[in-house]
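If you want the building blocks of each chain, they are given just below.
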Amino acid sequence: MVSFTHDDPGTSEAVWATGGAAELPELPLDHGELAGRAFIVLAAHPDDETLGAGGLLARLHAVGAAVRVLLCTAGEASHPGSPTTTPEQLAAVRLQEFGGAMTQLLGGREWQCLGLPDGKLAEHREQIRAAVHEAVSEVSTACGAAAGDVVLVAPYRSDGHTDHDVLGSVAADFSAAEGCALLEYPIWYWLWAAPDAPVSTGDPADPASSAGSAAAAWRGWFRLPLTSAEQQAKAAAMAAHRSQVQPLSGLPGDEVLLPAAFLAHFERPWETFAWYPASAPFGHVPSRVVPSRDAPSDGGSPHPYAAHDAERLFDAVHAREEDPWQYTSSWYEHRKRALTLAALPASSYAAGLEIGCSIGTLSVELAPRCGSFLAVDASSTALDHAARRLAHLPAAQTRHLTVPDEWPDGSFDLIVVSEVGYYLSPAELGALLNRIQDALRPGGTLVLCHWRHPVSGWELDGDSVHAAARRQLGWAGGGIYRERDFVLEVLLAPDTVPDRGARERGR
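Residues numbered from 1 in each chain as written. Predicted model: local features only at pLDDT ≥ 70, side-chain atom pairs only at ≥ 80, totals over all residues. Heavy atoms only, no water.

### Structural notes on the overall build of the protein
Of regular secondary structure, the protein possesses 18 helices and 14 strands. Taken over 507 residues, the protein has a buried fraction of 54%. Approximately 20,800 Å² of the protein is accessible, and the part contributed by carbon and sulfur atoms is 53%. (Helix = DSSP H or I, 4+ residues; strand = E, 2+ residues; numbered from the N terminus. Buried < 20%, exposed > 50% of the residue type's maximum accessible area, 1.4 Å probe, protein only. Areas by Shrake-Rupley, 256 points an atom, 1.4 Å probe, with all protein chains shown as cover.)

### Re the sheet that holds strand 6 (residues 222-225)
Taking strand neighbours across the sheet as the criterion, the seven strands line up as 3-2-1-4-5-7-6 in an open arrangement whose pairing is mixed. In this open sheet, the two edge strands, each paired with only one partner strand, are strand 3 (111-113) and strand 6. Each adjacent strand pair in this sheet contributes to an overall mean axis angle of 25°, direction not counted. In the packing of helix 5 (residues 125-143) onto the sheet, the strands contacted are strand 1 (38-43), strand 2 (66-71) and strand 4 (150-155), and the crossing angle to strand 2 comes to about 165°. (Pairing = 2+ DSSP bridges. Axes fitted to C-alpha atoms, helices over the stretch in contact; angles between N-to-C directions. Contact = heavy atoms within 4.5 Å.)

### A look at the packing of helix 3 (residues 48-63) against helix 9 (residues 228-240)
With their axes 8 Å apart at the nearest point, helix 3 and helix 9 run at an angle of 135° to one another. When the axis of helix 3 is compared with that of helix 9, the two are oblique. In terms of crossing hand, the pair formed by helix 3 and helix 9 is right-handed. Together, T50, L51, G54, G55, A58 and R59 of helix 3 and E230, A233, K234, A237 and M238 of helix 9 make up the contact between the two elements. When grouped by side-chain class, the residues that make up the contact of helix 3 with helix 9 number five nonpolar, three polar and three charged. (Parallel < 35°, antiparallel > 145°, perpendicular 65-115°, else oblique. Left-handed = near helix turned anticlockwise from the far one by under 90°. Nonpolar A, V, L, I, M, F, W, Y, C, P; charged D, E, K, R; others polar.)

### Brief notes about the sheet that holds strand 9 (residues 370-377)
With mixed pairing, the seven strands of this open sheet are ordered in space as 10-9-8-11-12-14-13. Strands at the two margins of the open sheet, each flanked by one partner only, are strand 10 (396-400) and strand 13 (476-482). Direction aside, neighbouring strands of the sheet carry axes that sit 15° apart on average. Bridging between strand 8 (residues 349-355) and strand 9 involves six bridges; their strand directions are parallel. Residue pairing across strands places G352 opposite F373, the latter belonging to strand 9. Sheet strands in contact with helix 13 (residues 331-343) are strand 12 (440-451), strand 13 and strand 14 (486-492), and its direction is about 15° off that of strand 14.

### Topic: the pattern of salt bridges
Under the definition given, this model contains 13 salt bridges. Residues E483 and R335 are paired through a salt bridge, measuring 2.8 Å at the closest nitrogen-oxygen approach. Residue E483 is located in the loop between strand 13 and strand 14, and its partner R335 is located in helix 13; the two are separated by 148 residues in the primary sequence. For the salt bridge of K336 with E419, the shortest nitrogen-to-oxygen distance reads 3.1 Å. Highlighted residues: K336 in helix 13 and E419 in the loop between strand 11 (412-418) and helix 16 (426-439), separated in sequence by 83 residues. The buried category is assigned to K336, whose relative accessible area is 4%. For E419, a relative accessible area of 7% translates into the label buried. Via salt bridges that share partners, E333, K336 and E419 belong to a single interconnected network. (Salt bridge = Lys/Arg side-chain N within 4 Å of Asp/Glu carboxyl O.)

### Looking at the packing of aromatic side chains
Taken as a whole and assessed by the stated rule, the structure comprises 17 aromatic pairs. With a centroid separation of 4.3 Å and 20° between ring planes, the pair formed by W188 and F262 is classed as stacked. Of the two residues, W188 sits in the loop between strand 5 (181-185) and helix 7 (189-192) while F262 sits in helix 11 (residues 260-263), which places them 74 residues apart along the sequence. Neither W188 nor F262 differs from the other in exposure class; each is buried. A centroid spacing of 5.2 Å and a plane angle of 65° characterise the contact between F262 and F266, whose relative ring orientation is edge-to-face. Across this residue pair, the class does not change: F262 and F266 are buried. The ring of W190 has R268 lying over it, and the distance from NZ or CZ to the ring centre is 4.1 Å. (Phe/Tyr/Trp six-rings, centres within 6.5 Å; stacked < 30°, edge-to-face > 60°. Lys NZ or Arg CZ within 6 Å of the ring centre and 35° of its normal.)

### Observations concerning the pairing of strand 10
Both strand 9 and strand 10 contribute to a ladder of five bridges, which runs parallel. Looking across to strand 10, one finds that V376 is bridged to R399. In the classification by handedness, the crossover that spans strand 9, the intervening helix 15 (residues 380-390) and the parallel strand 10 is right-handed. (Right-handed = clockwise from strand over helix to strand, strands pointing away.)

### Remarks on the side chain of S358
Along the chain, the position of S358 falls in the loop between strand 8 and helix 14 (363-366). S358 has contacts with H318, Y327, D377, A382, L383 and A386, leaving out every residue within four places of it along the chain.

### Topic: the packing of helix 12 (residues 310-320) against helix 15
The interhelical angle for the contact between helix 12 and helix 15, taken along N-to-C directions, is 55°, at an axis separation of 7 Å. One element, helix 12, and the other, helix 15, form an angle in the oblique class. Listed contacts from helix 15 to E311, D315, H318 and A319 of helix 12 are S380, T381 and A382. A breakdown of the residues in the contact of helix 12 with helix 15 according to their chemical character gives two nonpolar, three polar and two charged.

### A closer look at the confidence of the model for the protein
Residues with a pLDDT of 70 or more make up 89% of the protein, whose mean pLDDT is 87. Segment residues 200-212: pLDDT under 50, and 13 contacts once partners within four positions in sequence are set aside and those in other chains are kept. Confidence drops under a pLDDT of 50 for residues 280-302, and excluding neighbours within four residues, the segment shows 44 contacts in the predicted structure. (pLDDT = per-residue confidence, 0-100.)

So this is what it looks like as structure tokens:
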């Protein structure tokens, strides 16, 4: 748990500006995708919506997206020591200011205040969840939107303010249970976190693990670049919250709550979000995934697959069909391979490793660019096809391995992870990234390429795999290409080998 006050100096915007926040990848939602979804915007207090998502709201209004806004409290506790304004008076003022901000951002659309007590949302989780459920039901009925087309927009669940954390965790739990997408916006995070925060180990026994994980979380977030009109709408909405950006009076206790140094974080020409695409319910099977699920032997609900399931599942798939995903015949696959090869920053590599090579269609094009090349896969059936495809290349080898538990010896200056990261559990993905971090030579290239739609039966999708890699590795980006169906990204290992002990302490 972090500790701070609103007038702490914290991390300056200048530090964030030079720390890499401006280089985060863009949010993978274009105007058409935004217009085709319904949004439930959640704010703990008046001004949260403007600080964290004002530009997004202006864009949603411009593209005609369906938007519902739920405000949990009137923010009556912002000036507890005020000698001039009672909490009841402040509540009335702040609700009027909120209405003015909504006019600037959403053209005066209707919004709802739940009237919960400021600072005590932890005591009202069920009321919040019920309100969110009702809003989702209403917008789904009005727009005909399926759960996967509804996006909750909520404070970052580890923002550091108790009300923000509660509201964010309720939204996260609801989205996971109901299959909604989720955008989380940080606010106080920019004050107490820092761009050079070490990545946590994730070990529950480590008392600093939770805070450390949150402090480094920004590396997996996305930017929403704002147009000048969106920036102007956000600035006008922020100015409407006069009780927060100006002192209530000149007396002690009426000081300005949000000083200029803090507001500078929200004057950027972009906004920042953690993005969690909607999770597909079991039974929905996109074209990238295993064509069937096995019923659980105990008759209960199916459990998410993990690495230990891969050999059985993919051997069965390849036994039925040699090329189940049309790697050799699909223009989509041919084009994706061409883009992957073009994204490699070097013309040749000393030692290449491909994780999850399948039948070897990418391998046969990677191998000629490597002095030595190893292709590994969990499916022995698929690997047989890959070995035949690579037989004419003496420097290329194949090996039957199930990562991350199994791993080849040696080091590499090129590692390719294509369409395989989401076939791991989150813990297994973390272990794979540790393996990669140890095996990739200084200055080496890591290539990630993944399908971006939900993957039935597995916990991760392509966007979450890439976000986890950026967050855990913290490496410089060598380029990113994203379209509706897949994301291709290059990460570059540091030119020097970090101290192993220091790295372990910082994880």
